[in-house]
Amino acid sequence: MVLQARSRHREAAKPPQAPPPPLRGALDAGAGEPGPGRAPPSPGRRGAAGRRGPRAEPGALPAGAGLGGRLAAGLRGALGLRRAGRGRTWSTLVLAAFAAVLHWCHITHLFENDRHFSHLSTLEREMAFRTEMGLYYSYFKTIVEAPSFLHGVWMVMNDRLTEFPLVINTLKRFNLYPEVILASWYRIYTKIMDLIGIQTKICWTVTRGEGLSPIESCEGLGDPACFYVAVIFILNGLMMALFFIYGTYLSGSRLGGLVTVLCFFFNHGECTRVMWTPPLRESFSYPFLVLQMLLVTHILRATKLYRGSLIALCISNVFFMLPWQFAQFVLLTQIASLFAVHVVGYIDIGKLRKIVYIHMVIQGCFWLFGTVVLKYLTSRVFGITDDAHIGNLLTSKFFSYKDFDTLLYTCAAEFDFMEKETPLRYTKTLLLPVVLVIFIAIVRKIIIDMWGVIGKEQPNTRKHLLDHGELVYHALQLLAYAVLGVLIMRLKLFLTPHMCVMASLICSRQLFGWLFYKVHPSAVVFAVLAAMSIQGSANLQTQWNIVGEFSNLPQEELIEWIRYSTKPDAVFAGAMPTMASVKLSALRPVVNHPHYEDAGLRARTKIVYSMYSRKAAEEVKRELIKLKVNYYILEESWCVRRSKPGCSMPEIWDVEDPGNAGKTPLCSVLVKESRPHFTTVFQNSVYKVLEVVKE
């Protein structure tokens, strides 16, 4: 860039000459949009020499421009913004930073309001991490409490508590890279603060009332749970900065970034659940998908690919794929979308070679085979492998296939089909209508472009067509995410944010330039945002009105009883969510847990859940003894509750074990009388602990 600026300075010193005939190139930098007051170019129109889409250099820098000016010019070109002064790019970054801080404050406020997390005891904070969350956090706790970091990593790679009596590599099984990194940061942070004598946490006694004993509550980054949650919220705050930049880059206008951010906030409950479930894998993984898709958009728009762009894309892929087992399926939809973009004709053969043979062959191996290759490379150090667990689930979506495992998935709301109310909620905030208008505009543009290419056979028209592949890609990716979201409700967390990004295209002159010559773009955008804010502000107010305080006295009594009344090597079995808490807070070995993706674990859980079947007590006890279970935690609610018809545990077992259908469920029998095969050793309003009588 420095050489180019110097070259332009020399050109500026020459006597003025007649302007050369225009050469072919992209439109104004950013999204190929004409600037204010410029007529939209015809497909054959030629622009200024050397100006090719987002790679176009900004205007010549002043003779006195230093590093700051060159950096601002480079960032302005990278963001696809029209040149309007040196401060425009910096103001864009400042707005992105403001969006990041705003989202961080929002999710932190919601989390604190919901649980009063800052005033909970250590045990209560651990119990607040239910199901998978508690399991993941337990390994962070193991590493930070170990004598050394390396010893802690060794403990999670040689774990005997999670699937007793097996010794398993939980780093391989549960994608625990975020916990390892955060634990290392925590240990470094606390050691540095101790070294310089800065207090990292404040503790006080909290009186709970209602005859409950007071508890000690600590607040500050020196508390492991507070540190863990804080880092997750900071990462997801930075994600909002990426969304602002993404919307700005895609639309070519900072108004597009504003639309993306506000749509995200107006539909916040449909876009993310990080404020309710911080430790889940998507909380660590999804921000890197946003970065990855921004880089893909940049590569599609650029007229020349550079090695740095591909390296950055590869790195973002790695950080997206490693923490989350679902990442491979998302990237597979991206490959399908990119291939369709080429089929339609929006990627020329030269770019196709670079994207497919470099981008896809080098790192598409990771995509096409999921995380197999990537995990194989790391397996040389950590023994990493992956388990396929989605096939039967997808089969059950399209056919009448049912078995025990698929029913456990589909009976959970997050793995069921998308709720019928979800599209209605999109409509109320006008997100769905706006995105549909944009999608129709893109389809219309594709038809017009294809008709122009087929009918006129003009190479200039063909070149103009190839400059806008990113729009087609986003439309196709929207369809892919819509399919995923409809099939599995949990995956609408990909669909809704992408709809927010697509909404930024309401500012695009490529799609709505004809309208912006009649009405000022700002008027259109703010009118739409004003209409969105009616329901959007109500949604935000609903979130802000959620005020509670976490309390789970029955489970607290259970954990305290286990801590003080059982041996450290006593082995427990029971419902998966409860086992996560027993493993985390009581530090007792368990035989099953909530991470249901492993085939061996599914077989173990099936044996444990036979307590809720209609089998004979003696048969169930015999299988539990084979697993070396000492205590079984029975929950009567699991015996009677069901999320929908056919989804109570006895009904699920009727599908798996039709021979015993019609008999009284074993759990109902044991709630009344546990003898002779089990002995009741603890009981409260929710839990009943049965000791397995040895033969």
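Residues numbered from 1 in each chain as written. Predicted model: local features only at pLDDT ≥ 70, side-chain atom pairs only at ≥ 80, totals over all residues. Heavy atoms only, no water.

J.: Even after reading the chapter, I still don't get the overall build of the protein, so can you show me in this structure?
T.: When you go through the protein residue by residue, the secondary structure sums to 32 helices and 6 strands. When each of the 695 residues of the protein is scored for burial, the buried share is 54%. Per element, the accessible surface of the protein, about 30,400 Å² overall, is 64% carbon and sulfur. (Helix = DSSP H or I, 4+ residues; strand = E, 2+ residues; numbered from the N terminus. Buried < 20%, exposed > 50% of the residue type's maximum accessible area, 1.4 Å probe, protein only. Areas by Shrake-Rupley, 256 points an atom, 1.4 Å probe, with all protein chains shown as cover.)

J.: How should I be thinking about the sheet that holds strand β6 (residues 687-692) in this particular structure?
T.: Strand pairing within a sheet occurs via backbone hydrogen bonds; the two strands may be parallel or antiparallel. Across the sheet, which stays open at both edges, the 4 strands sit in the order β3-β4-β6-β5 with mixed pairing between neighbours. In this open sheet, the two edge strands, each paired with only one partner strand, are β3 (572-574) and β5 (678-683). Geometrically, the sheet is characterised by an average inter-axis angle of 30 degrees between neighbouring strands, direction not taken into account. The sheet contact formed by strand β4 (residues 631-635) and β6 spans 5 bridges and is antiparallel. By the bridge assignment for β6, Glu 635 is matched with Tyr 687. Packed onto the sheet, helix α26 (residues 553-565) meets β3, β4, β5 and β6 and runs at close to 30 degrees relative to β6. (Pairing = 2+ DSSP bridges. Axes fitted to C-alpha atoms, helices over the stretch in contact; angles between N-to-C directions. Contact = heavy atoms within 4.5 Å.)

J.: I keep staring at the packing of aromatic side chains and nothing clicks. Help me out?
T.: Going through the model one piece at a time under the given rule, you end up with 28 aromatic pairs. Three or more aromatic residues joined by ring pairs make a cluster, and in this case those are Phe 111, Phe 117, Phe 129, Tyr 137, Phe 140, Tyr 186, Tyr 189, Phe 227, Tyr 228, Phe 233 and Phe 284. One cation-aromatic arrangement involves Arg 125 over Phe 117; the distance from NZ or CZ to the ring centre is 5.2 Å. Here Arg 301 stacks its cationic end above the ring of Tyr 249, 4.4 Å away from the centre of that ring. (Phe/Tyr/Trp six-rings, centres within 6.5 Å; stacked < 30°, edge-to-face > 60°. Lys NZ or Arg CZ within 6 Å of the ring centre and 35° of its normal.)

J.: Whenever I open this one, the confidence of the model for the protein confuses me. Can you help?
T.: Any residue range with low pLDDT should be treated as having predicted coordinates unsuitable for detailed reading. In this model, the protein carries an average pLDDT of 81, and 79% of its residues clear a pLDDT of 70 or more. Confidence drops under a pLDDT of 50 for residues 79-85, and excluding neighbours within four residues, the segment shows 33 contacts in the predicted structure. Considering only residues more than four positions removed or in separate chains, one finds that residues 361-388, a stretch of pLDDT under 50, has 61 contacts. (pLDDT = per-residue confidence, 0-100.)

J.: Honestly, the nonpolar core in this entry has me stumped. Any pointers?
T.: Taken as a class, soluble globular proteins show a tendency for nonpolar side chains to be buried jointly. In this structure, Tyr 609 and Met 611 are the most contacted members of the largest nonpolar core, which totals 118 residues. Apart from the residues within four sequence positions on either side, Met 611 is in contact with Val 620, Leu 624, Tyr 632, Leu 634, Leu 666, Cys 667, Leu 670 and Phe 678. One finds Ile 107, Ile 168, Cys 226 and Tyr 228 within the second-largest nonpolar core, a separate group that totals 59 residues. (Core = buried A, V, L, I, M, F, W, Y, C linked by side-chain atoms within 4.5 Å.)

J.: Sorry, what's going on with a nonpolar patch on the surface here?
T.: Among the surface-exposed residues, Ile 188, Ile 192, Leu 195, Ile 196 and Ile 198 lie close enough to one another that they form a single nonpolar patch of about 520 Å² accessible area. Mapped onto the elements, Leu 195 comes out in helix α8 (residues 177-196). (Patch = residues over 30% accessible without salt bridge, like charges linked within 9 Å, V, L, I, M, F, W, Y side chains within 5 Å. Salt bridge = Lys/Arg side-chain N within 4 Å of Asp/Glu carboxyl O.)

J.: What should I look at first to understand unusual backbone geometry in this one?
T.: Negative phi is the rule for most residues except glycine; trans is the rule for most peptide bonds. Following Phe 164, the chain continues to Pro 165 via a peptide bond in cis, the omega torsion being 5 degrees. Tracing the backbone through its elements, the reader meets Pro 165 in the loop between α6 (149-157) and α7 (170-174). In the segment running from Arg 675 into Pro 676, the intervening peptide bond is cis, with an omega of 10 degrees. Its place among the elements puts Pro 676 in the loop between α32 (666-672) and β5. Look at Thr 131: it is not a glycine, yet its phi comes out positive at around 50 degrees. In this structure, Leu 430 takes a positive phi of about 65 degrees despite not being glycine. Here Leu 430 lies in the loop between α19 (421-428) and α20 (431-456).

J.: So what exactly am I meant to see when it comes to helix α12 (residues 281-301) here?
T.: It helps to recall that an α-helix has 3.6 residues per turn; residues three or four apart then point in one direction. For α12, with 21 residues, the first-to-last C-alpha span of 31 Å sits near the 30 Å given by 1.5 Å per residue. When you tally the buried positions in α12, you get 19 out of 21 residues, the bulk of the element. (Expected span 1.5 Å × (residues − 1).)

J.: For this particular structure, what's the right way to read helix α9 (residues 224-251)?
T.: Its 28 residues place the ends of α9 41 Å apart at the C-alpha level, agreeing with the 40 Å of an ideal helix rising 1.5 Å per residue. Counted residue by residue, α9 has 23 buried out of 28 residues, so it is predominantly covered. A distance of 3.2 Å separates the backbone nitrogen of Ala 225 from a side-chain oxygen at the start of α9, and that oxygen is part of Asp 223. Two residues or fewer past α9, Gly 252 is found with a positive phi of approximately 80 degrees. (Polar contact = N/O pair within 3.5 Å; in protein donor to acceptor, adjacent residues only side chain to side chain.)

J.: What is the right way to read the pairing of β6 from this model?
T.: In summary, the side chains of a regular strand alternate between the two faces of the sheet. A large share of β6 lies buried, amounting to 5 of its 6 residues. In terms of strand pairing, β5 meets β6 through 5 bridges, oriented antiparallel. Each bridged residue has a counterpart across the sheet, and for Phe 682 the counterpart in β6 is Val 689. Here β5 folds back onto β6, and the loop between the two strands holds 3 residues.

J.: Sorry if this is basic, but what is going on with the pairing of β4 here?
T.: Counting buried residues along β4, 5 of its 5 residues qualify, which places the element largely inside the surrounding structure. Side-chain alternation along β4 places Tyr 631, Ile 633 and Glu 635 on one buried face and Tyr 632 and Leu 634 on a second face that is also buried. As paired strands, β3 and β4 are joined by 3 bridges and run parallel to one another. Its bridge partner being in β4, Ala 573 is matched across the sheet by Tyr 632.

J.: Looking at this structure, how should I read the pattern of salt bridges?
T.: Where charged atoms of side chains with opposite charge meet at close range, the side chains can pair. The full count for this structure, using the stated rule, is 21 salt bridges. A salt bridge links Arg 173 to Glu 163; the nearest nitrogen and oxygen atoms lie 2.5 Å apart. Of this pair, Arg 173 sits in helix α7 while Glu 163 sits in the loop between α6 and α7, and the two are 10 residues apart along the sequence. In this structure, Arg 642 engages Glu 651 in a salt bridge whose closest nitrogen and oxygen atoms are separated by 2.8 Å. For Arg 642, a relative accessible area of 46% gives the class partly exposed. Linked by salt bridges that have partners in common, Glu 270, Glu 419, Arg 425 and Lys 492 make up one network.

J.: Help me understand the state of the cysteines, please; the structure alone is not making it clear to me.
T.: By definition, a disulfide links the sulfur atoms of two cysteine residues through a covalent bond. With the rule as written, the count across this model stands at 3 disulfides. Disulfide pairing places Cys 203 opposite Cys 218 at an S-S distance of 1.9 Å. Here Cys 203 and Cys 218 share a disulfide; its torsion about the S-S bond, 105 degrees, makes the bridge right-handed. Residue Cys 203 is located in strand β1 (residues 202-206), and its partner Cys 218 is located in strand β2 (residues 215-219); the two are separated by 15 residues in the primary sequence. (Disulfide = S-S within 2.5 Å.)

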